[in-house]
Amino acid sequence: MSRFFATGSDSESEESSSADEITPKATGTTFNKQALLLSDDEEDTKRVVRSAKDKRFEEFTNIIKTIRNAMKIRDMSKCLEEFEQLYRAFLKSKTIMDKEGVPQFYIRLLADLEDYLNQLWEDKEGKKKMNKNNAKALSTLRQKIRKYNKDFETEIASYKENPEQSAEEEEKDDIGSASSSKSDDDEGVTAKSLMKKKPQEEEKKAPEASKFLKGAADEESESEDDEESEDWGSDSVDSGGESEDNEGAAASLAVVFLKKAQDGDKHPERKKDDRRKRHKKMEQVDEEADEEGEGEEGGWEKVKGGVPLVKEKPKMFAKGTEINNAVVIKKLNEILQARGKKGTDRSAQIELLHALAGISNENNLGEGILVKIKFNIIASLYDYNTNLAAFMKAEMWKKCLECIDELLDILFENSNIFIGENIAEDSENLAISDQPFRVRGCILTLVERMDEEFTKIMQNTDPHSQEYVDNLKDEGRVCGIIDRLLQYLESKGSTEEVCRVYLRRIMHTYYKFDYKAHRRSLGLQGETKSEQDQEESEGEDSAIIMDRLCKFIYAKDRTDRIRTCAILCHIYHHALHSRWYQARDLMLMSHLQDNIQHADPPVQILYNRTMVQLGICAFRQGMIKDAHNALLDIQSSGRAKELLGQGLLMRNMQERNAEQEKIEKRRQVPFHMHINLELLECVYLVSAMLLEIPYMAAHEFDARRRMISKQFHHQLRVGERQPLLGPPESMREHVVAASKAMKMGDWKTCHSFIINEKMNSKVWDLFPETQRVREMLVRKIQEESLRTYLFTYSSVYDSLSMETLSEMFELELPTVHSIISKMIINEELMASLDQPTQTVVMHRTEPTSLQNMTLQLAEKLGGLVENNERVFDLKQGVYGGYFNRDQKGGYQQKQNYQRAPDQRGGYQQKQGYQRAPDQRGGYQQKQGYQRDQKGGYQQRQNYQRGGYRNQNQSSY
Amino acid sequence: GLIRFNDLYRLYEFENGKTQLFNSWGVVLKIIKHYQEEGQGSEVVQGVLLGLVVEDRLEITNCFPFPQHTEDDVDFDEVQYQMEMMRSLRHVNIDHLHVGWYQSTYYGSFVSRALLDSQFSYQHAIEESVVLIYDPIKTAQGSLCLKAYRLTPKLMEICKEKDFSPETLKKACVGYEHMLEEVPIVIKNSHLINVLLLDLQEKSMVADKHELLNLSSSNHLEKSLQLLMDRVDGMSQEIVKYNSYCRNLSKQQQQKQQYLQRRQQENTQRQSRGEPPLPEEDINKMFKPPQAPPRMDTLLIAGQVNNYCQNIKAFTSQNLGKLFMAEALQGHSS
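In this text, all values refer to a predicted model and were calculated from it rather than measured experimentally.

J.: I'm lost on the packing of helix α7 (residues 104–122) of chain A against helix α9 (residues 132–149) of chain A in this one. Help?
T.: Between two packed helices, both the angle of their axes relative to each other and the distance between the axes serve to describe the pair. Residues and elements named next belong to chain A. Across the interface, α7 lies against α9 with an axial gap of 10 Å and an inter-helix angle of 135 degrees. When the interaxial angle is binned, α7 and α9 end up oblique. In this structure, α7 meets α9 at a crossing whose hand is left-handed. Counting all contacts with α7, which are made through Y106, L110, L113, E114, L117, N118, L120 and W121, the residues of α9 involved are L138, S139, L141, R142, I145, R146, Y148 and N149.

Following this line, the structure appears as structure tokens:
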């Protein structure tokens, strides 16, 4: 708009240059439009004179209105601006003015403005208060108007004498004044130039215009009306008529403001009244509270003193008010309305709700209302922390537990209360009646939330402090609540709800080792147990509980997530209690390995935990290969800690910003559920050792052998890099030292490295069946050492007595026999057993280096022949006639002869034979076997790990 | 006066009429000594043979080694040394005519470009010159292995032209078997020495026990196989190179053919229109034949492979013979 204005002013020649002292204007919208219209209309005026005049006048009245408004709010700069516009507009319509005379309203404005300005000028106080711009504008405007008004002295004087002059008089006066203003024009070049142009145009129009004189007079009277209405508007400030609403934005704003100000004046009084009333009410409440007891009252007092207005809303009731359901509900809603609002004191709200609960209890309003209030108390307890990451304070937590307990008490006592999320607010039935209570709210959600809060508390407590132990004691209560809820929902809840609460129960059960059941299974009942223990042991075995709950979920659940979690927990529980086959079968049947990567991170963490537990279980059972495969993925990533949700790895901020870190922190598993990472690694490394060392010995010269476990090899290399080899300190060093001993077939040293006090305290004692595991381990070490020994040293023996072996490795003869037989069957060992003498006779079928070399040579020659034939093929193809020359005839024949099929066949046969000697065949077979073994797990596991990682990354 | 070495030799004539080589034990012993002193493992020792040509015989009567090169004396001039040496020998009235050179070998690996080049230059300068190959390993096993070789005239021609392209080799009909010709050697001792030896033989009681049936297979065969394999690899590479060359060539030939056909068609059209035909000479400029790989290396490798194979064959046949003998003996005794 302002740009338009600028161009507009340019087109109208140097007009603006006349206003040297004029401050640059912030354009009033109204004026801009007018200016544009004006410039456009200049041509229109030729035809429609009357409308031109109308428009001019309209413009005048508009500007005048703005000026009057500006006057009202004492905006001098606005005044000045508008005045200048008015002046310019006046000059433009000079010719019209000449014809029609200066309009009365114009004169009136000038007079008023002058008076007003003088008045302001006199008001020294007000002037001081004015801001700089305004003050400056005031002085400029005052000077201008004084100067300007000289031109209209007579008119103004006459106006002042008689404000109600007739239109005729006015007209005459106008003509006179116009001519005079023409003659002694002191406004400079612009005005003159403008006048030069305009009069010429206007003179042409003049005759036409005169025809319309009468009409114009009518116009005049109309505009008088306008004036009057305007006058009226300006006089009556309070009414602020509708006409003003149509005015410019600033003006209307000002009006609105004014109105508001008036309102504002009225309001305080009202509020004061309110406050007074409230005070009265509170006094009544106090009286009531007195009855309830000192403690409560104290709390009440505090609220009264401290909280600001909004929270002072009276929750309690006027004395003598009959306290009934409706009233209490009303109050409750009142309280709840403040919920979530800024500045609401949340602790106070909780207090109030408590008080309300007390009152309703006092008045025996029935359980319905009480349940309702309790729901809200718990909800506001949860609300107390606005930040999602923050955890509940201890007192809040206690309160929450109590409250939920009470709520459950009520629910158990009164079977006629129906609660549910789906019950609409208006269909609630809180009153005591024949109908059962119906209350909106979901106890399950509350308990779930409570459980989450508990996890949060545990996550945020230092696990090595006494505080953690104290907090952990609450777990019993949490479990108790969940149990009670479970009972409640079993009778009342929907299947979905039952599933949900079952899952909660499972989540609190799966990771705990059931010592009672364990002891019972070992038959160690009685003796040392106290009564308390006995009591406990009467409970169901956790296995049975798990089984029951999980199976219900398998059957009834319709959300995948709950079932997945239940399965994983079930597997975990099985594995924890060494029920390997059940665990494994469940894992394989669930096909979780295939699609776990689609699950959300917490479920994936649970999956990883389960996998690890499964591996450890397999290890305890002596299934080394399974253990290794199950643990491979978690361990090989080197991020076991992160994958198990047991801590964040130190990483730079590029990979993860603060926000993601927060999210990850929330996923962490509380400390009491952690899986010992050292145990995990030890189990993995020992299984890798038991697999890898014999394998390495068997394939010592095989160029193509592959590593079973990279991690293990890495540890070996680290061990080799040590410049000085001291006695092992850490768990890893122990394993590496043991591996070295095993490589030599020295099982006793190996044994002493794997099982000793240090390792016992670090690892093995952590198993529930320590002794059994250790025995298993010793046996495995003996067996694998024997195998390694045979692989490594079979070449130096012609025959070996099995008895010697059995003595060497302290294994029974049948075991030795079976191990060796297995090796022979698997073609790992080229030997045969001589039954009568109980010896192993070596066959020496290992290829010698010469034989190896011959094989290589044969391969190379094969390549050579192939290449050669390619050359020949090419020749035959292209130089078809080449060999037909006499000279080369013989050569070609010879070649053809060589290409004869039997020749090649013979060669190929030879190759075939060489490629498949027994030795290598055996090796390949063996590899195939291993692959088959791994297949199932590994593939799927890889999947899974990738999934979690992918997700992680994508979330980064 | 002075008794000259060669006076002590009796000369034999060989029935096949080829150039014969007469060698003195002195020379042989010198060569052996040279290797014992300086050669080790796969290192090779070389030296100059001196002697003279008598009718169609070449008599080698003396030799001296090339000094072992060390990298310290860069300004050592081999030629200068040889001349000096020969002059000195002449002063003491020993045969000083240059008739060839000798070289030790490692498991029979001597067919190489270096040997070819130096033998060519020798033979080019002195037509009669030979290269004497001494195999210390076989010698150490009990059988003196000394062989003399000359380049065949065919190969000499090729080498003279320095053109080893497949075409020339094909035209010359040179296979690996035609590269070197072996010259029979006769080693002569003076009667006095023969007498001495006989005398010694009498005196020495039972000689050290010979492990006649020792197969001694392990190391020798393995080494040979290794070397053979290495050469086979080389051969494969050469073949691949040649193969790609052939393919490129044929591709180009095809293109050329196509181009020619087009040009011919165009020309017939032009003729029918009465225009002058387009020239066909530019075709060779357009299709430059690809660089042919030199085939000499292939030949040499083939020669070397052949050499190894001969060695291995000889060795294994010996061993097999021993095995059969042992078997027969065993059967006989039992």
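J.: How should the confidence of the model for chain B be read in this particular structure?
T.: Detailed conclusions should not be drawn from predicted coordinates in areas where pLDDT is low. All names here are of chain B. Per-residue pLDDT for chain B has a mean of 77; in total, 83% of the residues score no lower than 70. Confidence drops under a pLDDT of 50 for residues 1–18, and excluding neighbours within four residues, the segment shows 29 contacts in the predicted structure. Confidence metrics for the complex model read pTM 0.51 and ipTM 0.76.

J.: Which parts of the structure should I look at to understand the nonpolar core?
T.: Residues and elements named next belong to chain A. In terms of nonpolar packing, the biggest core is built from 159 residues, with F619, M689, I754 and W764 touching the most fellow members. Ranked by the residues each element gives to this core, the list is headed by helix α34 (residues 677–698), at 14 residues. Contact partners of I754, with chain neighbours within four places excluded, come to V686, M689, V735, A738, M759, W764, L777 and I781.

J.: Hey, could you run me through the interface of chain B and chain A in this one?
T.: Think of interface size as the accessible area that goes away when the parts come together; that is how it is often given. Contacts between chain B and chain A engage 20 residues on the former and 19 residues on the latter. Each partner contributes to the roughly 1900 Å² buried at the junction of chain B and chain A, and carbon and sulfur atoms together form 70% of this total. Linking chain B with chain A are one salt bridge. The tally of links between chain B and chain A comes to one residue pair in polar contact (both at pLDDT 80 or more). Take the side of chain B that touches chain A: its biggest share by element is 19 residues, from helix α8 (residues 217–273) of chain B. Grouping the constituent residues of the side of chain B that touches chain A by class yields 11 nonpolar, five polar and four charged.

J.: I tried to follow a nonpolar patch on the surface on my own but got confused; where do I start?
T.: On the surface, a cluster of nonpolar side chains totalling about 350 Å² of accessible area is made up of B:I193, B:L196, B:L197 and B:L200. Tracing the backbone shows B:L197 in helix α7 (residues 191–203).

What counts and what doesn't
- Residues numbered from 1 in each chain as written.
- Chains lettered and ligands numbered in written order.
- Predicted model: local features only at pLDDT ≥ 70, side-chain atom pairs only at ≥ 80, totals over all residues.
- Heavy atoms only, no water.
- Axes fitted to C-alpha atoms, helices over the stretch in contact; angles between N-to-C directions.
- Helix = DSSP H or I, 4+ residues; strand = E, 2+ residues; numbered from the N terminus.
- Parallel < 35°, antiparallel > 145°, perpendicular 65-115°, else oblique.
- Left-handed = near helix turned anticlockwise from the far one by under 90°.
- Contact = heavy atoms within 4.5 Å.
- pLDDT = per-residue confidence, 0-100.
- Core = buried A, V, L, I, M, F, W, Y, C linked by side-chain atoms within 4.5 Å.
- Buried < 20%, exposed > 50% of the residue type's maximum accessible area, 1.4 Å probe, protein only.
- Buried area = accessible area lost by both parts, 1.4 Å probe.
- Salt bridge = Lys/Arg side-chain N within 4 Å of Asp/Glu carboxyl O.
- Polar contact = N/O pair within 3.5 Å; in protein donor to acceptor, adjacent residues only side chain to side chain.
- Nonpolar A, V, L, I, M, F, W, Y, C, P; charged D, E, K, R; others polar.
- Patch = residues over 30% accessible without salt bridge, like charges linked within 9 Å, V, L, I, M, F, W, Y side chains within 5 Å.
- Areas by Shrake-Rupley, 256 points an atom, 1.4 Å probe, with all protein chains shown as cover.

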